[in-house]
Amino acid sequence: MIDRFIVAGESSHLNIVIIINKIDLEEENISEEWASLYREIGYKVILSSKVSGDGIEELKNEIIGNKNIFWGHSGVGKSSLLNKIFPGLNLEIGEISSFTDKGTHKTVTSKMIKIASDTYVIDTPGVREIDPFGIKKKDLGHYFIEFKPFAENCRFNTCTHYHEPGCEVVKAVENNEISEVRYDSYLRILKTIEEDIIY
Ligand SMILES: Nc1nc2c(ncn2[C@@H]2O[C@H](COP(=O)(O)OP(=O)(O)OP(=O)(O)O)[C@@H](O)[C@H]2O)c(=O)[nH]1
Ligand SMILES: [Mg+2]
Ligand SMILES: [Zn+2]
């Protein structure tokens, strides 16, 4: 899911910040592991909680001076974080805080809110599915930014880093230079594109 969001963000040339929220509910410290995976790739990752206040200042600093869109599943706490950062916004938030609950779509329309003359936030309703709309198979690899140094050396310049001979991305996965989890996501998304293209 997160890799789909990243693909959408990269293909739209957005500056991506990954927020792992509700860390107050965490029991096994897995958020740090996920955070380091994405930090190594080069993304900013913020661990946050509206309950403990972790990450709130850091997130605020990212927001100020930019136009920001909050994107993610329903119930992850997008509106809650915005309320916490900017008291007075009074965005409506969901009732349930259970981790497994898929959320009840509390926010129903996207709203762009002006915070200051140079700062805007767009709160969006949670999405369930996100398709790599308009992305071609041969371009998907561009949006997995850590593939780049390897992809440049693939034998074919239209390489989809899947079954082609002389693929340097596949080699990098085998050598643990590219995360297997990310490569797995890549193949999954690639597959949805292949299916989409048959019409
Ligand atoms: N424990 C805990 N609960 C949180 C945190 N952030 C949000 N919640 C709870 O999660 C639930 C959903 O929060 P929302 O802010 O409505 O989530 P949303 O992402 O805006 O959801 P949609 O508007 O449906 O897309 C609410 O019950 C919040 O109180 C957090 O950091 N920790
Ligand atoms: Mg909301
Ligand atoms: Zn390749």
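Sequence order sets the numbering: in each chain, residues are counted from 1 along the sequence as written. All chains are assigned letters beginning with A, and all ligands numbers beginning with 1, in the order in which they are written. Given that the model is predicted, a residue must reach a pLDDT of at least 70 before its local features are reported, and side-chain atom pairs must reach 80 or more before they are shown or counted; all residues, however, enter totals for whole chains, interfaces and linings. Excluded from the side-chain calculation are hydrogens and water; included are all heavy atoms of the structure.

Participant: Could you give me a rundown of the sheet that holds strand E3 (residues 67-70), with the residues and numbers involved?
Facilitator: The pairing of strands in a sheet happens through backbone hydrogen bonds and is either parallel or antiparallel. The mixed open sheet is built from 3 strands, whose spatial order is E3-E5-E4. Here the strands that pair on one side only, and so sit at the sheet edges, are E3 and strand E4 (111-116). Ignoring which end each strand starts from, the neighbouring axes of this sheet average 20° apart. The pairing criterion for strands is at least two bridges between them, as found by DSSP. Secondary structure elements are defined from DSSP: runs of H or I of at least 4 residues count as helices, runs of E of at least 2 residues count as strands, and each element is numbered from the N terminus. Pairing geometry for E3 and strand E5 (residues 119-123), over 4 bridges, is parallel. Considered in E5, the bridge of Phe-70 is made with Asp-123. Its contacts with the sheet place helix H4 (residues 78-85) against E3 and E5, and it is angled at close to 150° to E5. Only the stretch in contact is used when a helix axis is fitted, and all axes are lines through C-alpha atoms; the angle between N-to-C directions ranges over 0 to 180 degrees. Note on definitions: a residue-residue contact is assigned when non-hydrogen atoms from the two residues lie within 4.5 Å.

Participant: Provide a residue-level description of the coordination of the zinc ion (ligand 3), including the pertinent values.
Facilitator: The protein atoms that coordinate the zinc ion (ligand 3) are Cys-154 (SG), Cys-159 (SG), His-161 (ND1) and Cys-167 (SG), at distances spanning 2.1 to 2.4 Å. One can describe the donor arrangement at the zinc ion (ligand 3) as tetrahedral, given that its 4 donor atoms subtend angles of 103 to 117° at the metal. In terms of primary sequence, the donors binding the zinc ion (ligand 3) are separated according to C-x4-C-x1-H-x5-C. Nitrogen, oxygen and sulfur within 2.8 Å of a metal are treated as its donors, or within 3.2 Å for sodium, potassium and calcium (Na, K, Ca); water is not counted, so a site can appear incomplete. Irregular is the default label, applied whenever a site is not tetrahedral (four donors, all angles between 85 and 135 degrees) and neither square planar nor octahedral (four or six donors, opposite donors over 155 degrees apart, all other angles between 65 and 115).

Participant: Break down the environment of Ile-23 for me, citing the residues and quoting the values.
Facilitator: The topology assignment puts Ile-23 in the loop between strand E1 (17-20) and helix H2 (30-41). In this structure the C-alpha to C-alpha distance between Ile-23 and Lys-171, which are 148 residues apart in sequence, comes to 35 Å. Apart from the residues within four sequence positions on either side, Ile-23 is in contact with Ser-31, Leu-47, Ser-48, Ser-49 and Asp-54.

Participant: If you had to explain the environment of Ser-12 to someone new, which residues and values would you point to?
Facilitator: Tracing the backbone through its elements, the reader meets Ser-12 in the loop between helix H1 (2-11) and E1. Accessibility here uses a 1.4 Å probe with only protein chains present; expressed as a share of the type maximum, an area under 20% marks a residue as buried, one over 50% as exposed, and anything in between as partly exposed. Overall, the relative accessible area of 43% leaves Ser-12 in the partly exposed class. Between the alpha carbons of Ser-12 and Tyr-143 there is a distance of 9.8 Å; along the sequence they are 131 residues apart.

Participant: How would you explain the domain arrangement of the protein chain if you had to name every residue and give the values?
Facilitator: Examined at the domain level, the protein chain breaks down into domain 1 (2-123) and domain 2 (137-197). Taken over C-alpha atoms, the centre of domain 1 sits 28 Å from the centre of domain 2. Contacts between domain 1 and domain 2 engage 11 residues on the former and 12 residues on the latter. The quantity reported as buried area is the accessible area (1.4 Å probe) lost by two parts once they are put together, taken as the sum for both. Contact between domain 1 and domain 2 buries roughly 1,000 Å² in total, counting both sides, with carbon and sulfur atoms accounting for 72%. A pair is scored as a salt bridge if a Lys or Arg side-chain nitrogen falls within 4 Å of a carboxyl oxygen belonging to Asp or Glu. Joining domain 1 to domain 2, the criterion identifies 1 salt bridge. The closest approach of N and O atoms between Arg-182 and Asp-3, which form a salt bridge, is 2.6 Å. Polar contact criterion, stated in full: a pair of N or O atoms within 3.5 Å, where within protein one must be able to donate a hydrogen and the other to accept it, and residues adjacent in sequence count only if both atoms are side-chain atoms. Across the domain 1-domain 2 interface, the total number found is 2 residue pairs in polar contact (both at pLDDT 80 or more). Taken together, the elements giving at least two residues each to the side of domain 1 that touches domain 2 come down to H1 and H2. Among the elements that take part in the side of domain 1 that touches domain 2, H1 stands out by supplying 6 residues, more than any other. Polarity classes work like this: nonpolar for Ala, Val, Leu, Ile, Met, Phe, Trp, Tyr, Cys and Pro, charged for Asp, Glu, Lys and Arg, and polar for all others, with Gly in that last group. For the side of domain 1 that touches domain 2, a count of residues per class yields 7 nonpolar, 1 polar and 3 charged. Delimitation of the domains relies on an automatic or database domain assignment.

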